[in-house]
Protein chains: 2
Amino acid sequence: MAKARHSRLDCTPGCAVEAAVSLIDGKWKAVILYHLQDGRTRFNELRRRVGDVTPRMLTNQLRELEADGLIEREVFAQVPPRVEYSLSDRGRSLSPIIAALKAWGDANMDLFARR
Amino acid sequence: MAKARHSRLDCTPGCAVEAAVSLIDGKWKAVILYHLQDGRTRFNELRRRVGDVTPRMLTNQLRELEADGLIEREVFAQVPPRVEYSLSDRGRSLSPIIAALKAWGDANMDLFARR
DNA sequence: CGGGGCGGTATCCTTTTCGACACTATGAGC
DNA sequence: GCTCATAGTGTCGAAAAGGATACCGCCCCG
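All chains use their own residue numbering, which begins from 1 and follows the written sequence. Ligands are numbered from 1 and chains lettered from A, in the order in which they are written. With the structure being a predicted model, the display of local features is reserved for residues of pLDDT at least 70 and the display and counting of side-chain atom pairs for 80 or more, all residues being used for whole-chain, interface and lining totals. For side-chain calculations, the full set of non-hydrogen atoms in the structure is used, while hydrogens and water are omitted.

Asker: Can you tell me about the overall build of chain A, naming the residues and giving the values?
Answerer: Scanning chain A for helices and strands turns up seven helices and three strands. Mapped in sequence order, the helices and strands of chain A form the string α-α-β-α-α-β-β-α-α-α. For each residue, the accessible area found with a 1.4 Å probe, counting protein chains only, is set against the maximum for its type, and the residue is called buried under 20%, exposed over 50%, and partly exposed in between. Put simply, chain A has 115 residues, and 46% of those count as buried. We call two residues in contact when some of their heavy atoms are within 4.5 Å. For chain A, the proportion of contacts with a sequence separation of at least 24, taken over those separated by at least 6, is 46%. Numbered from the N terminus, helices here are DSSP runs of H or I no shorter than four residues, and strands are runs of E no shorter than two.

Asker: Could you give me a rundown of the nonpolar core, with the residues and numbers involved?
Answerer: Here, the term nonpolar core denotes a set of buried Ala, Val, Leu, Ile, Met, Phe, Trp, Tyr and Cys residues that are joined through side-chain atoms within 4.5 Å. Judged by nonpolar contacts, the single largest core of 62 residues is most densely connected at A:I32, A:I71, A:W104, B:I32, B:I71 and B:W104. Residue contacts for A:I32: discarding those within four places in its chain leaves A:L46, A:V50, A:L58, A:Q61, A:L62 and A:L65.

Asker: Which residues make up the packing of aromatic side chains, and what are the values?
Answerer: Pairing of aromatic rings covers Phe, Tyr and Trp, the last counted by its six-membered ring, and requires centre-to-centre distances within 6.5 Å; plane angles under 30 degrees mean stacked, over 60 mean edge-to-face, and any other angle means tilted. All chains considered together, the criterion is met by zero aromatic pairs over all chains. Here, over-ring charges are defined by two tests on the NZ atom of lysine or the CZ atom of arginine: distance to the ring centre within 6 Å, and angle to the ring normal within 35 degrees. In this structure, A:R82 packs its charged tip against the face of A:F76, placed 5.5 Å from the ring centre.

Asker: Which residues make up the sheet that holds strand β2 (residues 71–76) of chain A, and what values do they have?
Answerer: All names here are of chain A. Criterion used throughout: strands pair if DSSP finds at least two bridges between them. Taken in spatial order, the three strands of this open sheet run β1-β3-β2, and their pairing is antiparallel. Two strands close off the open sheet at either side, each with one partner strand: β1 (41–42) and β2. Where β2 and strand β3 (residues 82–87) come together, six bridges link them in antiparallel fashion. Across the sheet, I71 pairs through a bridge with L87, a residue of β3.

Asker: Any chance you could break down the interface of chain A and chain B for me, citing the residues and the numbers?
Answerer: Contact residues are listed per partner, giving 45 residues for chain A and 45 residues for chain B. Note on definitions: buried area is the accessible-area loss of two parts on being combined, 1.4 Å probe, summed for both. Taking both sides of the interface into account, the surface hidden between chain A and chain B amounts to around 3900 Å²; carbon and sulfur atoms contribute 69%. Should a side-chain nitrogen of Lys or Arg be within 4 Å of a carboxyl oxygen of Asp or Glu, the pair is scored as a salt bridge. A salt bridge links A:R90 to B:D110; the shortest N-O distance between them is 3.3 Å. Polar contacts here mean pairs of N or O atoms no more than 3.5 Å apart (in protein, one a potential hydrogen donor and the other a potential acceptor; neighbouring residues in sequence count only if both atoms are side-chain atoms). Our count for the chain A to chain B interface comes out at six residue pairs in polar contact (both at pLDDT 80 or more). Sorting the residues of the side of chain A that touches chain B by element identifies α1 (15–24), α2 (29–36), α6 (95–107) and α7 (109–113) of chain A as the ones contributing at least two each.

Asker: Go over the relation of the copies chain A and chain B, please, and point to the residues and values.
Answerer: Rotating chain A by 180° and moving it 0.0 Å along the rotation axis overlays it on chain B with an RMSD of 0.0 Å. With respect to symmetry, the two chain copies, as superposed, fit the operation of a two-fold axis. It is A:D25 whose C-alpha, among those of chain A, lies nearest the rotation axis, at 2.9 Å. When you check the interface residues of chain A against chain B, 100% turn up at the interface there too, and the contact is symmetric in its surfaces. Superposing the copies works by least squares over the C-alpha atoms of residues that have pLDDT at least 70 in both of them.

Below, the structure is given as structure tokens:
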């Protein structure tokens, strides 16, 4: 997804908005970011918290978030394997926005009910 | 897009976040919302401001935003036709978030440059 | 009489995204 | 010996999103 969603430097004023959104869209990313605010979390723990996400999708989204520098991935050479995800500094700087989105969503639940 | 992106009431805590994002995603919506903050705007004016969006897509996104109750569409029975779009109250309540996204995007431009 | 702006539609096609399902190696506990 | 948990990967295919192009009636301006 977040491939060439944002063009070059021909950035019209609205471009920054589009760019920011492009990092957050993708059905699971915002939710992942939201759950990571509670602290570093392991793969399957995240899987359980997020809801019905297939491992394939979760991996996928996590990799993209990592590529975008919003989260960090740490592997412990153990058996059974242990991998922990956490917010990077950049990711943490996004927290207020995630929180605002959650607040807004809660306040506008009626919108989603009727459907 | 924003069809059954949000399920029912099986809302896990992260659900509100996902729901909120689902209204904003879709490549152009956030940008449109951003430009509408300047006041009511006509179709082609919006088209120019947003950048290279085809009329088809613009119509499409506007209709979805309208269906979600974020914007209002007013048609003036004139010739030439005159249609103005503006933020609804609900849409206006989203403004701080849009502004935050723009600010974040501006502050993290480096992320989009390297690509 | 030609060209442009107005606010869109219609049709077609390509790209992207998402979900289901199966499968992996390892070790621990029963 | 069986099953469970860990952290994924691979393949397939459907559905959705997005883009290109052409077109509409109507009017004003030159």
